[in-house]
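# Structural overview
Here's the letter readout for the chains.
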Amino acid sequence: MAPKLQLAIYWAAACGGCDVAILDTDEKILDIAEAADIVLWPIAMDFKYEDIYKMEPGSIDVCLFNGAIRTSEQEEIAKALRARSKFMIAFGACAAWGGIPGLANLTNREEIFNTVYQETATTINEEDIRPDTNYPGPEGELHLPRIYDRVWSLDQVVNVDYYVPGCPPTPETIWTAILAIVTGNLPPKGTTIAGIKSLCDTCEREKTEKKITQFKRPFEIIADPKKCLLEQGLICCGPVTRDGCGHRCTNNNMPCRGCYGPSEKVSDQGAKLLNAIASIMDVKDEKSAQELAATWEDPAGTVYRFSLAKSLIYDYKKGGE
Amino acid sequence: MSDHKIGVYVCHCGSNINGVVNCAKVTEEIGKLGEVVVAKDYKYMCSDPGQEMIKNDIREKGLDRVVVAACSPRMHEPTFRRALEGAGLNGYLLEMANIREHVSWVTKDKEEATKKALSLVKGAVKRVKLHEPIEEREVPVTNTTLVLGGGISGIQAALQVAEAGHKVYLIEQKQYIGGNMAKFDKTFPTLDCAACILTPKMVDVGQSPNIELYTSSEVIKVDGYVGNFTVTVREKPRYINHDKCTGCGDCASACIMKNRIPHEFDEGLSKRSAAYIPFPQAVPLKAVIDDENCLLLTRKKCTLACVKACGAKAINFNQHETIHEFKVGSIILATGFDLFDAKRSPQYGYGKYPNVINGLQFERMTNASGPTSGHITLADGTEPKSVAVIHCVGSRDENYNKYCSRVCCMSSVKFAHLVKDHCDAEVYEFYIDMRTFGKGYEEFYNRVQEEGVHFIRGKGAEVAQKDGRLVVKAEDTLLGQYREIPVDMVILNTALEPRVDAEKVAQTLGISRSGDGFFMESHIKLDPVTTTTDGIYLAGCCQSPKDIPDSVAQGSAAAAQSLAIIATGKVKISPISASIDSEQCAGCQICIGLCTYRAIKLNEETLRAEINEAVCKGCGTCAAGCPSGAIKVSHFNDDQLLAQIEGVLA
Amino acid sequence: MNDKFEPKILGILCNWCSYAGADLAGTSRLRYPANIRIVKVMCSGRVEPTLILKAFQEGADGVLISGCHPGDCHYVDGNIKTLRRTPLVARLLTQIGIEPERFKQVWVSASEGERFGKIVEQMVEDIKKVGPYQKKMGDQLDVVMDEVAASAKEAAAAAEEKGGLNCGS
Ligand SMILES: Cc1cc2nc3c(=O)[nH]c(=O)nc-3n(C[C@H](O)[C@H](O)[C@H](O)COP(=O)(O)OP(=O)(O)OC[C@H]3O[C@@H](n4cnc5c(N)ncnc54)[C@H](O)[C@@H]3O)c2cc1C
Ligand code: SF4
Ligand code: SF4
Ligand code: FES
């Protein structure tokens, strides 16, 4: 019998949904257990940091890393796992492009601390106590991880071999990825394991030439289930988002939120989407363009919902180029 | 990807570039970049030896990419492309860095200029690596020409193309051709009778088998490109059957609106009917019914006196506008000028004092077939004893037009002579400078000076009324004296301005206008006849104010351009165009509405968008809009632009 | 702010009007600041925000987009698409922390050489007031880098001491 796959699963700045998604593979989880030894999975089993540090370089075959990098601890572990893994996989939108935590880059640590430790209605913090990395406890000096000023995607911190997109990845996507690994049927490094083109490619809604006369939010209308959502004024991220999610949102009459990240030829998901949408606004002069644009509630948050940390503006390798 | 062999050539342009940019240093720095195998600077890169140098290096050193840092690519890109092609390299493997117009000519500090030049060249080097060879596209040419505007310049152009044996569509907005010149009596400097020299040409136009004349017509749409324009023309109804009308004018005499409508051709100095013949020598010599004043057409009620009077039964009130479509290879614009409205300078009392008139009104007055049968008369019918001519009204004036209208000095001198000739009154000319630059012009001026005309150097400041007479107030700058001169009549020689509809015409044809509002030529010195749009040429006053000799010369030049295209039989069109990678296209159809030219269609079978490259103009708007990154515009694709941006900011 | 700070501005100009306008500034020998680097596109309609973001990523302190005046586009209405994008791009940039001074979209005709020079002048002045863009990003990065270095050292020391990471639990 071939040796079993040594599999590590780790989470950083994430909600836990990616881990749950792995469990969501239902009975296939058993196949996974069959094919692999899970050597690390903090959400499901008990592990200590030293367990990681004890592992030899290359002793992990595959590391499914979910979550973005937000603290020094997450960076540290990402590097430790990278050093020990043959394949490092950015698992889920947060690891791949920063995901929802990445939206924190619209502001900075200072502002976030102000909100959390001072401004929210339920906070009483008269001494203005803020998290500190050093704490002189009775047992000696204690250290806490430091929160960075911005959120990084996994590949801005360590080299990543494959990307498994989604918030979270669908069971099908996960299974495709695992199958590829187990069978050794691997695409070139750097590949995102999902579709290539955009969601529109497989979207069955009826499409025509597009014109947007008014921006609508999903709660404002009940969309016609047969027609392209963009044409109905809903901001659907489908045109710039990688196919492969199985149309979970659009099948439920909701516009695509973009969690499968940019499609193959798109370098900046948000910029491309913003531009595509702006181009089809049905206005002909500057004034009406201003007016229509102003009715779009939160452009950056919408177009970069999952990929802000990887926007060209933020896309630096941590530690310089 | 294997390494490229790039040659970089930095031009001094004499001292134009090298005087500010340290060309040697730029060359040295660039020579250090990877893949740059030669970097040279030279005095005049565009000269023969300069081009030879590039060609030799391509042949001997096996260069596969070339960067020329010199003047604007709008100037010499074609030159250097040809040089590359001469050495067997595709012309699009060239990139130019504009270190003259964008650097040395606009920067004072030498160090900054050198730094900026270096960045631009770096950008060019990065970009050129990603260039791909592109084949020029050649299309056959339609051997017809459209001339817009039937003034003297348009007539000249039309006749010349027609004489060479090619078809011309001459489109005129008014009901007759001849333009402004048709209104004159005499023309400077030789005092030829305008009608004697213009009428035969107008008749030729009417009779030429190669000219199709459309009056009362305007261009409403222009599609296509050089060699292959499609022009849509709207012809307004004249309510006269041209085939039947004999031009006798019986309708005009019968019309019950007779002598009630100010006559435009006479600049309002006479009154006409609603059915009328514009003027006795008009081509075409046909009646026209003016739909703004005809009672039947405006109020649906009339005795129809004209219909009864017309023996030829030529009147037809059921005419409608007609839309024509012409396929032409080139377009000659000869739409002329408008006269500055003297009411805009209220200090001269135009419109307030009846004896203050403008130049065209004076022209009509002196014309033997004009409203006063050639007599110079005041409003009360008597002859003036003294006349003032004020130059530069609306010209050379910060408040109106900064430019000199070029013809006014000479026509003012002509007016003085005509006054002397017709009624021997005293004439006072108020001028800023006398500009008599043309052949025979200074001589004419001398002759009129000898006729006893008073030339007062100073711009007429104001015209007032005192004791029932007009008074011109002016500072005589030669005498250093303020003067008030009483006269009976004042002629305001007003500016020649761009036509009111110049903006609309520019838009319809897709050409530019210069700061003064006249249509813009490609190059003010070296290419004053072509526009920046291939296949559209300029003639006469629509490009800038000019006299008849210059208008005629430019008309001929424009005709030569049209004929040159026809003679070649083929034109090169920009090979820059967009294409869609169907492997990437997701069929979202965002691009389809973005293309003005409707070059993009959805393939109903594959559900992928496709571009018709023959229709595509290569603007790249669709490529910017495609969310899938599936559209690539040649020579301006993402990678090339991104590389250049990276380079210039490095 | 800093006297010596010379902003780097990327100009993306359409070939037919604005590039020709910038050329005219040259042929008229008008002086304007050397801070701008001009890249040509056939039409302002080609300019997608990706190019603008790329410029900032590459260290530009400002980006100027210029096309023909509405109605004058060589391709009829490419610039109408430009004017649709501008307000949204401006908002997006502000949201991601790029000051409004750093992005400008204007119309410059082939005859407005003088105006082009003035626009560049003004933009340089405005950007000088808000300071360098790259440096600001750099500052943030520097801070982060220092923190990382410090925390890594701390962590390494702690790990050595205790044979593992101190994680507070
Ligand atoms: C008072 C005065 C006196 C002058 N005297 C002399 C003189 O003695 N000697 C001399 O050399 N020069 C003289 N000039 C200058 C002379 O008038 C011009 O050089 C000449 O008329 C220019 O001819 P053109 O064909 O360019 O324009 P125009 O004569 O203005 O003709 C333009 C034609 O185009 C038509 N048109 C305009 N727009 C459109 C459109 N959109 N569609 C279709 N048709 C259109 C117009 O109806 C007109 O028929 C004088 C000018 C003035 C104002
Ligand atoms: S915009 Fe792009 S993806 Fe959409 S139909 Fe056009 S080419 Fe295809
Ligand atoms: S490049 Fe311009 S002209 Fe060509 S298809 Fe695209 S939008 Fe149309
Ligand atoms: S060509 Fe200048 S904006 Fe389109």
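No experiment lies behind these values; they were computed from the predicted model shown. (Residues numbered from 1 in each chain as written. Chains lettered and ligands numbered in written order. Predicted model: local features only at pLDDT ≥ 70, side-chain atom pairs only at ≥ 80, totals over all residues. Heavy atoms only, no water.)

### A closer look at the overall build of chain A
- The number of helices and strands found in chain A is 11 helices and nine strands.
- For a compact globule of 321 residues, the expected C-alpha radius of gyration is about 20 Å, and chain A comes in at 22 Å, within 12% of that figure.
- When its C-alpha atoms are laid out on the principal axes, chain A stretches across 65 × 60 × 35 Å.
- With 34 positive and 46 negative side-chain charges, chain A shows a spacing of 6 Å between the two charge centroids. (Helix = DSSP H or I, 4+ residues; strand = E, 2+ residues; numbered from the N terminus. Rg over C-alpha atoms; globule rule 2.2 N^0.38 Å. Lys, Arg positive; Asp, Glu negative; His and termini not counted. Charge placed at Lys NZ, Arg CZ, Asp CG, Glu CD.)

### Things to note about the overall build of chain B
- When you go through chain B residue by residue, the secondary structure sums to 17 helices and 34 strands.
- In chain B, which comprises 650 residues, the proportion classed as buried is 58%.
- Across chain B, every contact between residues at least 6 apart in sequence was considered, and the portion connecting residues at least 24 apart equals 69%.
- Total accessible area on chain B stands at roughly 26,600 Å², and carbon and sulfur atoms take up 49% of it. (Buried < 20%, exposed > 50% of the residue type's maximum accessible area, 1.4 Å probe, protein only. Contact = heavy atoms within 4.5 Å. Areas by Shrake-Rupley, 256 points an atom, 1.4 Å probe, with all protein chains shown as cover.)

### What to know about unusual backbone geometry
- Going from Phe 188 of chain B to Pro 189 of chain B, the amide bond is cis rather than trans, its omega being -5°.
- Relative to the helices and strands, Pro 189 of chain B resides in the loop between strand 8 (186–187) and strand 9 (192–193).
- Cis geometry is found at the peptide bond from Val 283 of chain B to Pro 284 of chain B, where omega equals 0°.
- Along the chain, Pro 284 of chain B falls in the loop between strand 15 (275–276) and strand 16 (288–289).
- Despite not being glycine, Asn 253 of chain A shows a phi value in the positive range, around 65°.

### Remarks on the nonpolar core
- With 170 residues, the main nonpolar core has Phe 65, Leu 81 and Leu 154 of chain A together with Val 66 and Val 121 of chain B as its most contacted residues.
- Leave out the neighbours within four places in its chain, and Phe 65 of chain A touches Tyr 10, Ala 12, Gln 74, Ala 78, Leu 81, Met 88, Ile 89, Ala 90, Phe 91, Ala 95 and Leu 154 of chain A.
- Of all hydrophobic cores here, the second largest spans 38 residues; its members include Ala 157, Leu 159, Phe 184 and Val 226 of chain B. (Core = buried A, V, L, I, M, F, W, Y, C linked by side-chain atoms within 4.5 Å.)

### Digging into the site of ligand 3
- The full set of residues close to ligand 3 is Ala 578, Cys 595, Tyr 597, Ala 599, Ile 600, Ile 611, Cys 616, Lys 617, Gly 618, Cys 619, Gly 620 and Cys 622 of chain B.
- When its residues are assigned to classes, the shell around ligand 3 shows nine nonpolar, two polar and one charged. (Near = heavy atom within 4 Å. Nonpolar A, V, L, I, M, F, W, Y, C, P; charged D, E, K, R; others polar.)

### Brief notes about the state of the cysteines
All names here are of chain B.
- For the coordinates displayed, the defined rule picks out one disulfide over all chains.
- Shown here is the disulfide that connects Cys 193 with Cys 196, its sulfur atoms set 2.2 Å apart. The sign of the 95° torsion about the S-S bond sets the Cys 193-Cys 196 disulfide as right-handed.
- Judged by its relative accessible area of 51%, Cys 196 is exposed. (Disulfide = S-S within 2.5 Å.)

### What to know about the domain arrangement of chain A
Residues and elements named next belong to chain A.
- What the domain assignment lists for chain A is domain 1 (5–101 + 149–183) and domain 2 (199–310).
- Here the C-alpha centroids of domain 1 and domain 2 sit 30 Å apart.
- A buried area of about 1,100 Å², summed over both sides, lies between domain 1 and domain 2, and 59% of it is on carbon and sulfur atoms.
- Of all residues in domain 1, Trp 97, Ile 100 and Thr 170 give up the largest surface area on contact with domain 2, accounting jointly for 45% of the area buried on that side.
- Inspection of the domain 1/domain 2 interface yields one salt bridge.
- Viewed at the interface, domain 2 and domain 1 are joined by nine residue pairs in polar contact (both at pLDDT 80 or more).
- Of all elements in the fold, only helix 5 (92–97), helix 6 (99–102) and strand 8 (147–152) reach the threshold of two or more residues within the side of domain 1 that touches domain 2.
- Sort the elements by how many residues they give to the side of domain 1 that touches domain 2 and helix 5 lands first, with three residues. (Domains from an automatic or database assignment. Buried area = accessible area lost by both parts, 1.4 Å probe. Salt bridge = Lys/Arg side-chain N within 4 Å of Asp/Glu carboxyl O. Polar contact = N/O pair within 3.5 Å; in protein donor to acceptor, adjacent residues only side chain to side chain.)

### Some remarks on the site of ligand 1
All names here are of chain B.
- Close to ligand 1 lie 39 residues, the nearest being Ser 153, Glu 172, Lys 414, Lys 546 and Ile 548.
- In this structure, Gln 173 approaches ligand 1 through a main-chain N or O atom, which is 3.0 Å from a nitrogen atom.
- Within the backbone of Ile 548, one N or O atom sits 2.7 Å away from an oxygen atom of ligand 1.
- Protein burial of ligand 1: of its 990 Å² of free accessible surface, 98% is covered by the chains.
- For the shell around ligand 1, the elements supplying multiple residues, two or more each, are helix 6 (152–163), strand 8, strand 19 (337–339), helix 11 (359–366), helix 12 (408–423) and helix 15 (548–568).
- Among the residues making up the shell around ligand 1, the classes are represented as 16 nonpolar, 14 polar and nine charged.
- Counting contributing residues, the shell around ligand 1 receives three or more from each of domain 2 (148–235 + 323–336 + 499–573) and domain 4 (339–496).

### Here's the deal with the pairing of strand 24 (residues 460–466) of chain B
Residues and elements named next belong to chain B.
- Here strand 24 pairs with strand 25 (residues 469–476) via six bridges, running antiparallel. Bridged to Gly 460 within strand 25 is Ala 474.
- Counting the residues in the hairpin turn of strand 24 and strand 25 gives two residues, including Asp 467, whose phi is positive at 50°. (Pairing = 2+ DSSP bridges.)

### Some remarks on the interface of chain B and chain C
- Each partner contributes residues to the interface: chain B has 51 residues there, and chain C has 45 residues.
- Put simply, chain B and chain C have three salt bridges between them.
- With its nearest N and O atoms 2.6 Å apart, the salt bridge here joins Asp 638 of chain B to Arg 46 of chain C.
- Linking chain B to chain C there are 15 residue pairs in polar contact (both at pLDDT 80 or more).

### Regarding the pattern of salt bridges
- Across all of its chains, the model carries 62 salt bridges over all chains by this definition.
- Here Lys 632 of chain B makes a salt bridge to Glu 132 of chain B, at a shortest N to O gap of 3.4 Å. Linking Lys 632 of chain B in strand 34 (residues 631–633) with Glu 132 of chain B in the loop between helix 5 (110–128) and strand 5 (137–140), this pair joins segments that are 500 residues apart in sequence.
- Here Glu 132 of chain B falls in the partly exposed class, since its relative accessible area comes to 38%.
- Note that Glu 264 of chain B is salt-bridged to Arg 272 of chain B, the shortest N-O span being 2.9 Å.
- Given the relative accessible area of 47%, Glu 264 of chain B is considered partly exposed.
- Judged by its relative accessible area of 5%, Arg 272 of chain B falls in the buried class.
- Linked through salt bridges whose partners overlap, the residues forming this network are Lys 272 of chain A, Asp 638 of chain B together with Arg 46 and Glu 48 of chain C.

### Structural notes on the packing of helix 6 of chain B against helix 15 of chain B
Residues and elements named next belong to chain B.
- Close contact between helix 6 and helix 15 brings their axes to 8 Å; oriented N to C, the two are set at 35°. Relative to helix 15, helix 6 is oriented so that their crossing is right-handed. Touching Ile 152, Ser 153, Gln 156, Ala 157, Gln 160 and Val 161 of helix 6 are Ile 548, Ser 551, Val 552, Gly 555, Ser 556, Ala 559, Ser 562 and Leu 563, all from helix 15. (Axes fitted to C-alpha atoms, helices over the stretch in contact; angles between N-to-C directions. Left-handed = near helix turned anticlockwise from the far one by under 90°.)

### Some points on the domain arrangement of chain B
- Taken domain by domain, chain B comprises domain 1 (6–128), domain 2 (148–235 + 323–336 + 499–573), domain 3 (250–309), domain 4 (339–496) and domain 5 (578–634).
- Between domain 1 of chain B and domain 3 of chain B, the C-alpha centre-to-centre distance is 66 Å.

### Points about the side chain of Arg 46 of chain C
- The residue Arg 46 of chain C is located in the loop between strand 2 (36–41) and helix 2 (49–57) in this model.
- Within polar-contact distance, the side chain of Arg 46 of chain C engages the side chain of Asp 638 of chain B at 2.6 Å.

### Examining the packing of helix 2 (residues 48–61) of chain B against helix 3 (residues 73–86) of chain B
Residue and element names in this part refer to chain B.
- Running from N to C, helix 2 and helix 3 cross one another at 35°; their axes reach a closest spacing of 9 Å. The two elements helix 2 and helix 3 cross, and the hand of that crossing is right-handed. Residues Gln 51, Ile 54, Lys 55, Ile 58 and Arg 59 of helix 2 pack against Thr 79, Phe 80, Ala 83, Leu 84 and Gly 86 of helix 3.
- Of the residues in the contact of helix 2 with helix 3, the class split is five nonpolar, three polar and two charged.

### Brief notes about the packing of aromatic side chains
- Under the defined criterion, the tally for this structure stands at 20 aromatic pairs over all chains.
- Between Tyr 32 of chain C and Phe 116 of chain C, the aromatic rings sit 5.6 Å apart at their centres with planes inclined by 85°, giving edge-to-face as the arrangement. Of this pair, Tyr 32 of chain C sits in the loop between helix 1 (18–27) and strand 2 while Phe 116 of chain C is found in helix 4 (residues 113–130), placing the two residues 84 residues apart along the sequence.
- For Tyr 32 of chain C, a relative accessible area of 4% translates into the label buried.
- Owing to a relative accessible area of 0%, Phe 116 of chain C belongs among the buried residues under this scheme.
- Aromatic ring contacts, followed pair by pair, group Tyr 169, Tyr 214 and Phe 326 of chain B into a single cluster.
- Above the plane of the ring of Tyr 92 of chain B lies Arg 81 of chain B, whose end atom (NZ or CZ) is 3.9 Å from the centre.
- Lying across the ring of Tyr 597 of chain B, Lys 617 of chain B places its NZ or CZ 4.5 Å from the centre. (Phe/Tyr/Trp six-rings, centres within 6.5 Å; stacked < 30°, edge-to-face > 60°. Lys NZ or Arg CZ within 6 Å of the ring centre and 35° of its normal.)

### Thoughts on the confidence of the model for chain A
- When the pLDDT values of chain A are averaged, the result is 91; 98% of them are 70 or greater.
- Looking across chain A, the model is least confident in helix 2 (residues 28–35) of chain A, with a mean pLDDT of 80, and most confident in helix 5 of chain A, with 97. (pLDDT = per-residue confidence, 0-100.)

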